[in-house]
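What follows is each chain in one-letter form.
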Amino acid sequence: MTEIRTPRLVLRRWLDDDLVPLSEIHADPVVMRGIGDGRPRSLDQTAEDIEAWEEEWDEEGYGMFAVELLGSGELAGAVGLSLADAPAEVAGQVAISWRLGRVFWGQGYASEAAHATLEFALQDRGLDRVVAVCRTGDSASVNVLDKLGMRPEGTAQHPVLGHDLALYGIDLTQYQE
Ligand SMILES: CC(C)(COP(=O)(O)OP(=O)(O)OC[C@H]1O[C@@H](n2cnc3c(N)ncnc32)[C@H](O)[C@@H]1OP(=O)(O)O)[C@@H](O)C(=O)NCCC(=O)NCCS
(Lines give C-alpha, C1' and ligand atoms only; values in the text may rest on other atoms or scores of the structure.)
Protein backbone atom coordinates (compact mmCIF):
# COMPACT_ATOMS: atom_id res chain seq x y z
CA MET A 1 0.00 0.00 0.00
CA THR A 2 1.64 3.23 -1.13
CA GLU A 3 1.60 5.88 1.58
CA ILE A 4 3.88 8.91 1.86
CA ARG A 5 4.31 11.12 4.92
CA THR A 6 5.52 14.68 4.58
CA PRO A 7 6.02 17.05 7.53
CA ARG A 8 2.30 18.00 7.55
CA LEU A 9 0.51 15.54 5.26
CA VAL A 10 -0.25 11.92 4.55
CA LEU A 11 -0.55 10.98 0.87
CA ARG A 12 -2.44 7.71 0.59
CA ARG A 13 -4.86 5.58 -1.42
CA TRP A 14 -8.58 6.31 -1.28
CA LEU A 15 -10.97 5.19 1.47
CA ASP A 16 -14.79 5.06 1.41
CA ASP A 17 -14.90 7.94 3.92
CA ASP A 18 -13.16 10.23 1.40
CA LEU A 19 -16.18 10.33 -0.94
CA VAL A 20 -18.22 12.99 0.88
CA PRO A 21 -15.35 15.40 1.65
CA LEU A 22 -13.97 15.08 -1.89
CA SER A 23 -17.44 15.65 -3.38
CA GLU A 24 -17.70 18.83 -1.27
CA ILE A 25 -14.41 20.02 -2.82
CA HIS A 26 -15.70 18.98 -6.27
CA ALA A 27 -18.90 20.99 -5.69
CA ASP A 28 -16.92 24.26 -5.54
CA PRO A 29 -16.93 25.96 -8.97
CA VAL A 30 -13.81 27.99 -8.10
CA VAL A 31 -11.81 24.84 -7.40
CA MET A 32 -13.09 23.09 -10.51
CA ARG A 33 -12.84 25.83 -13.15
CA GLY A 34 -9.38 24.64 -14.27
CA ILE A 35 -10.09 20.91 -14.10
CA GLY A 36 -11.60 18.68 -16.79
CA ASP A 37 -14.62 20.36 -18.40
CA GLY A 38 -14.36 23.22 -15.90
CA ARG A 39 -17.57 22.34 -14.08
CA PRO A 40 -18.29 21.14 -10.53
CA ARG A 41 -18.67 17.38 -10.17
CA SER A 42 -21.51 15.61 -8.40
CA LEU A 43 -21.29 12.97 -5.70
CA ASP A 44 -21.79 10.22 -8.32
CA GLN A 45 -19.14 11.70 -10.61
CA THR A 46 -16.76 11.98 -7.64
CA ALA A 47 -17.33 8.30 -6.86
CA GLU A 48 -16.46 7.51 -10.50
CA ASP A 49 -13.28 9.59 -10.19
CA ILE A 50 -12.16 7.76 -7.06
CA GLU A 51 -12.90 4.40 -8.71
CA ALA A 52 -10.90 5.38 -11.80
CA TRP A 53 -7.95 6.60 -9.69
CA GLU A 54 -7.94 3.38 -7.68
CA GLU A 55 -8.02 1.37 -10.93
CA GLU A 56 -5.04 3.37 -12.19
CA TRP A 57 -3.18 2.62 -8.93
CA ASP A 58 -3.85 -1.11 -9.40
CA GLU A 59 -2.94 -1.18 -13.08
CA GLU A 60 -0.09 1.35 -13.38
CA GLY A 61 1.36 1.57 -9.88
CA TYR A 62 0.64 5.29 -9.69
CA GLY A 63 -2.44 7.45 -9.37
CA MET A 64 -4.01 10.37 -7.57
CA PHE A 65 -3.29 10.45 -3.83
CA ALA A 66 -5.81 11.36 -1.18
CA VAL A 67 -4.12 14.23 0.70
CA GLU A 68 -4.87 14.11 4.41
CA LEU A 69 -3.75 16.60 7.07
CA LEU A 70 -1.51 14.80 9.51
CA GLY A 71 -2.84 16.60 12.57
CA SER A 72 -6.60 16.61 12.08
CA GLY A 73 -7.06 13.77 9.60
CA GLU A 74 -9.11 16.08 7.35
CA LEU A 75 -9.12 15.40 3.60
CA ALA A 76 -7.51 18.47 1.97
CA GLY A 77 -7.89 17.25 -1.62
CA ALA A 78 -6.23 15.19 -4.33
CA VAL A 79 -2.69 15.46 -5.69
CA GLY A 80 -1.02 12.86 -7.83
CA LEU A 81 -0.34 11.28 -11.18
CA SER A 82 -2.48 10.15 -14.08
CA LEU A 83 -1.99 9.15 -17.68
CA ALA A 84 -2.92 12.21 -19.75
CA ASP A 85 -5.35 11.62 -22.60
CA ALA A 86 -5.55 15.27 -23.69
CA PRO A 87 -4.47 17.67 -25.05
CA ALA A 88 -2.82 15.72 -27.88
CA GLU A 89 0.57 17.31 -27.13
CA VAL A 90 0.85 15.35 -23.86
CA ALA A 91 -1.43 12.37 -24.52
CA GLY A 92 0.13 9.16 -23.27
CA GLN A 93 2.46 10.92 -20.82
CA VAL A 94 2.19 10.85 -17.04
CA ALA A 95 0.84 14.14 -15.67
CA ILE A 96 0.96 15.58 -12.17
CA SER A 97 -2.07 17.55 -10.99
CA TRP A 98 -3.60 19.01 -7.85
CA ARG A 99 -6.88 20.21 -6.42
CA LEU A 100 -7.37 21.28 -2.82
CA GLY A 101 -10.43 22.52 -0.99
CA ARG A 102 -10.40 26.32 -0.88
CA VAL A 103 -9.96 26.43 2.90
CA PHE A 104 -6.66 24.61 2.43
CA TRP A 105 -5.14 27.09 -0.06
CA GLY A 106 -2.32 29.47 0.85
CA GLN A 107 -0.67 27.18 3.38
CA GLY A 108 1.89 25.43 1.20
CA TYR A 109 0.03 22.11 1.24
CA ALA A 110 -0.20 21.81 -2.56
CA SER A 111 3.54 22.37 -2.97
CA GLU A 112 4.36 19.96 -0.14
CA ALA A 113 2.18 17.23 -1.65
CA ALA A 114 3.40 17.91 -5.20
CA HIS A 115 7.08 17.70 -4.18
CA ALA A 116 6.47 14.33 -2.56
CA THR A 117 4.51 13.16 -5.62
CA LEU A 118 7.27 14.18 -8.03
CA GLU A 119 9.88 12.39 -5.91
CA PHE A 120 7.63 9.31 -5.86
CA ALA A 121 7.24 9.46 -9.66
CA LEU A 122 10.87 9.99 -10.65
CA GLN A 123 12.71 8.15 -7.87
CA ASP A 124 10.50 5.47 -6.31
CA ARG A 125 8.32 4.68 -9.32
CA GLY A 126 11.17 5.06 -11.84
CA LEU A 127 9.39 7.23 -14.41
CA ASP A 128 11.74 9.29 -16.58
CA ARG A 129 9.44 12.21 -17.23
CA VAL A 130 6.39 13.96 -15.75
CA VAL A 131 4.28 16.63 -17.45
CA ALA A 132 1.69 19.10 -16.21
CA VAL A 133 -1.09 21.03 -17.89
CA CYS A 134 -2.73 24.14 -16.47
CA ARG A 135 -4.96 26.92 -17.66
CA THR A 136 -2.94 29.88 -18.92
CA GLY A 137 -3.10 32.47 -16.18
CA ASP A 138 -3.60 29.97 -13.33
CA SER A 139 -0.99 31.74 -11.22
CA ALA A 140 -1.47 29.47 -8.16
CA SER A 141 -0.61 26.39 -10.24
CA VAL A 142 2.26 28.17 -12.04
CA ASN A 143 3.66 29.05 -8.62
CA VAL A 144 3.55 25.37 -7.60
CA LEU A 145 5.09 24.32 -10.96
CA ASP A 146 7.95 26.83 -10.55
CA LYS A 147 8.66 25.60 -7.03
CA LEU A 148 8.77 22.01 -8.35
CA GLY A 149 11.37 23.00 -10.97
CA MET A 150 9.03 22.05 -13.82
CA ARG A 151 9.73 23.94 -17.04
CA PRO A 152 7.37 25.61 -19.51
CA GLU A 153 7.21 23.59 -22.73
CA GLY A 154 4.71 25.51 -24.82
CA THR A 155 1.00 25.94 -25.09
CA ALA A 156 -2.00 24.03 -26.36
CA GLN A 157 -5.74 24.48 -26.53
CA HIS A 158 -8.28 22.82 -24.29
CA PRO A 159 -9.80 20.12 -26.51
CA VAL A 160 -13.37 20.88 -25.44
CA LEU A 161 -13.45 24.43 -24.09
CA GLY A 162 -10.88 25.91 -26.50
CA HIS A 163 -9.07 28.12 -24.02
CA ASP A 164 -5.27 28.28 -23.83
CA LEU A 165 -3.36 25.76 -21.74
CA ALA A 166 0.23 26.01 -20.53
CA LEU A 167 2.29 22.80 -20.82
CA TYR A 168 5.08 21.99 -18.37
CA GLY A 169 7.48 19.10 -18.07
CA ILE A 170 10.48 17.75 -16.20
CA ASP A 171 12.80 14.91 -17.18
CA LEU A 172 14.60 12.74 -14.66
CA THR A 173 17.94 14.29 -15.68
CA GLN A 174 16.59 17.82 -15.11
CA TYR A 175 15.18 16.72 -11.73
CA GLN A 176 18.58 15.40 -10.68
CA GLU A 177 20.46 18.61 -11.72
C1 LIG B 1 -3.48 25.13 -7.42
C2 LIG B 1 -3.71 25.00 -5.92
C3 LIG B 1 -3.67 23.55 -5.50
C4 LIG B 1 -2.56 25.80 -5.25
O5 LIG B 1 -2.76 25.91 -3.86
P6 LIG B 1 -1.92 26.97 -3.01
O7 LIG B 1 -2.36 26.82 -1.64
O8 LIG B 1 -1.98 28.31 -3.67
O9 LIG B 1 -0.43 26.47 -3.25
P10 LIG B 1 0.68 26.17 -2.17
O11 LIG B 1 0.29 24.99 -1.39
O12 LIG B 1 1.98 26.09 -2.89
O13 LIG B 1 0.68 27.45 -1.23
C14 LIG B 1 1.20 28.66 -1.70
C15 LIG B 1 1.29 29.70 -0.62
O16 LIG B 1 1.04 29.21 0.70
C17 LIG B 1 1.72 30.09 1.64
N18 LIG B 1 2.29 29.29 2.74
C19 LIG B 1 1.87 29.37 4.00
N20 LIG B 1 2.54 28.51 4.77
C21 LIG B 1 3.42 27.85 3.98
C22 LIG B 1 4.37 26.83 4.21
N23 LIG B 1 4.57 26.30 5.43
N24 LIG B 1 5.09 26.38 3.17
C25 LIG B 1 4.93 26.90 1.94
N26 LIG B 1 4.01 27.86 1.65
C27 LIG B 1 3.27 28.35 2.68
C28 LIG B 1 2.73 30.87 0.87
O29 LIG B 1 2.26 32.19 0.82
C30 LIG B 1 2.68 30.25 -0.51
O31 LIG B 1 2.84 31.20 -1.52
P32 LIG B 1 4.29 31.50 -2.13
O33 LIG B 1 4.79 30.23 -2.75
O34 LIG B 1 4.01 32.55 -3.14
O35 LIG B 1 5.15 31.93 -0.99
C36 LIG B 1 -5.06 25.57 -5.52
O37 LIG B 1 -5.10 26.91 -5.93
C38 LIG B 1 -6.22 24.79 -6.17
O39 LIG B 1 -6.66 23.76 -5.67
N40 LIG B 1 -6.75 25.29 -7.30
C41 LIG B 1 -7.88 24.69 -7.96
C42 LIG B 1 -7.54 23.41 -8.66
C43 LIG B 1 -6.75 23.63 -9.94
O44 LIG B 1 -7.03 24.53 -10.69
N45 LIG B 1 -5.78 22.77 -10.17
C46 LIG B 1 -4.98 22.91 -11.35
C47 LIG B 1 -5.14 21.76 -12.28
S48 LIG B 1 -3.56 20.94 -12.39
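As a reminder, the structure under discussion sits directly above these lines.
Note that the structure is predicted; figures quoted are calculated from it, not measured.

Participant: Is there a simple way to explain the packing of helix 4 (residues 109-124) against helix 5 (residues 139-148) in this structure?
Facilitator: Packed helix pairs are specified by the crossing angle of their axes together with the interaxial distance, meaning the distance between the axes. At their nearest, the axes of helix 4 and helix 5 sit 10 Å apart, and the two run at 45° to each other. One element, helix 4, and the other, helix 5, form an angle in the oblique class. The hand of the helix 4/helix 5 crossing is right-handed. Contacts between helix 4 and helix 5 involve A110, S111, A114, H115 and L118 from the first element and V144, K147 and L148 from the second. Class assignment for the residues of the contact of helix 4 with helix 5 results in 5 nonpolar, 2 polar and 1 charged.

Participant: Just to check I follow, could you spell out the side chain of T6 for this structure?
Facilitator: With respect to the secondary-structure elements, T6 resides in the loop between strand 1 (3-5) and strand 2 (9-12). On the accessibility criterion, T6 (11% relative accessible area) is buried. Other than its neighbours up to four places away in sequence, T6 contacts L11, L70, E112 and A116.

Participant: Looking at this structure, how should I read the site of the ligand?
Facilitator: The environment of the ligand is formed by 21 residues, the closest being W98, G106, A110, S111 and K147. In this structure, an oxygen atom belonging to the ligand sits 2.9 Å away from a main-chain N or O atom of L100. With respect to the ligand, the side chain of W105 contributes an N or O atom lying 3.1 Å from an oxygen atom. Burial of the ligand by the protein chains amounts to 69% of its free accessible area of 980 Å². Looking at the shell around the ligand, the elements that each hand over two or more residues are strand 5 (94-100), helix 4 and helix 5. Per-element tally for the shell around the ligand: the top contributor is helix 5, with 5 residues. Here the residues of the shell around the ligand sort into 10 nonpolar, 7 polar and 4 charged.

Participant: Would you mind showing me how to read the packing of aromatic side chains here?
Facilitator: To describe a pair of aromatic rings, you give the distance between the ring centres and the angle between the ring planes. Tallying each qualifying case throughout the model produces 4 aromatic pairs. Three or more aromatic residues link up through ring pairs in this structure, and these residues are W57, F65 and F120.

Participant: Explain the environment of A156 here, please?
Facilitator: Inspection of the secondary structure assignment puts A156 in strand 7 (residues 151-157). By relative accessible area, A156 is classed as buried at 6%. Distance from A156 to Q174, taken between C-alpha atoms, is 23 Å for residues 18 residues apart in sequence.

Participant: Just checking my understanding: could you explain a negative patch on the surface for this structure?
Facilitator: Taken together, the side chains of D44, E48, E51, E55, E59 and E60 present a region of like negative charge at the surface. Looking at where E51 falls in the secondary structure, it is placed in helix 3 (residues 43-60).

Participant: What exactly am I supposed to notice about the packing of helix 1 (residues 19-26) against helix 3 here?
Facilitator: Contact geometry for helix 1 and helix 3: axes closest at 9 Å, N-to-C directions at 115°. Our classification of the angle between helix 1 and helix 3 gives roughly perpendicular. Both helix 1 and helix 3 take part in a crossing whose hand is right-handed. Between helix 1 and helix 3, the residues in contact are L19, L22, S23 and H26 and L43, T46, A47, D49, I50 and W53, respectively. Within the contact of helix 1 with helix 3, the residues separate by chemical class into 6 nonpolar, 3 polar and 1 charged.

The rules we used
- Residues numbered from 1 in each chain as written.
- Predicted model: local features only at pLDDT ≥ 70, side-chain atom pairs only at ≥ 80, totals over all residues.
- Heavy atoms only, no water.
- Axes fitted to C-alpha atoms, helices over the stretch in contact; angles between N-to-C directions.
- Helix = DSSP H or I, 4+ residues; strand = E, 2+ residues; numbered from the N terminus.
- Parallel < 35°, antiparallel > 145°, perpendicular 65-115°, else oblique.
- Left-handed = near helix turned anticlockwise from the far one by under 90°.
- Contact = heavy atoms within 4.5 Å.
- Nonpolar A, V, L, I, M, F, W, Y, C, P; charged D, E, K, R; others polar.
- Buried < 20%, exposed > 50% of the residue type's maximum accessible area, 1.4 Å probe, protein only.
- Near = heavy atom within 4 Å.
- Polar contact = N/O pair within 3.5 Å; in protein donor to acceptor, adjacent residues only side chain to side chain.
- Areas by Shrake-Rupley, 256 points an atom, 1.4 Å probe, with all protein chains shown as cover.
- Phe/Tyr/Trp six-rings, centres within 6.5 Å; stacked < 30°, edge-to-face > 60°.
- Patch = residues over 30% accessible without salt bridge, like charges linked within 9 Å, V, L, I, M, F, W, Y side chains within 5 Å.
- Salt bridge = Lys/Arg side-chain N within 4 Å of Asp/Glu carboxyl O.
- Lys, Arg positive; Asp, Glu negative; His and termini not counted.
- Charge placed at Lys NZ, Arg CZ, Asp CG, Glu CD.

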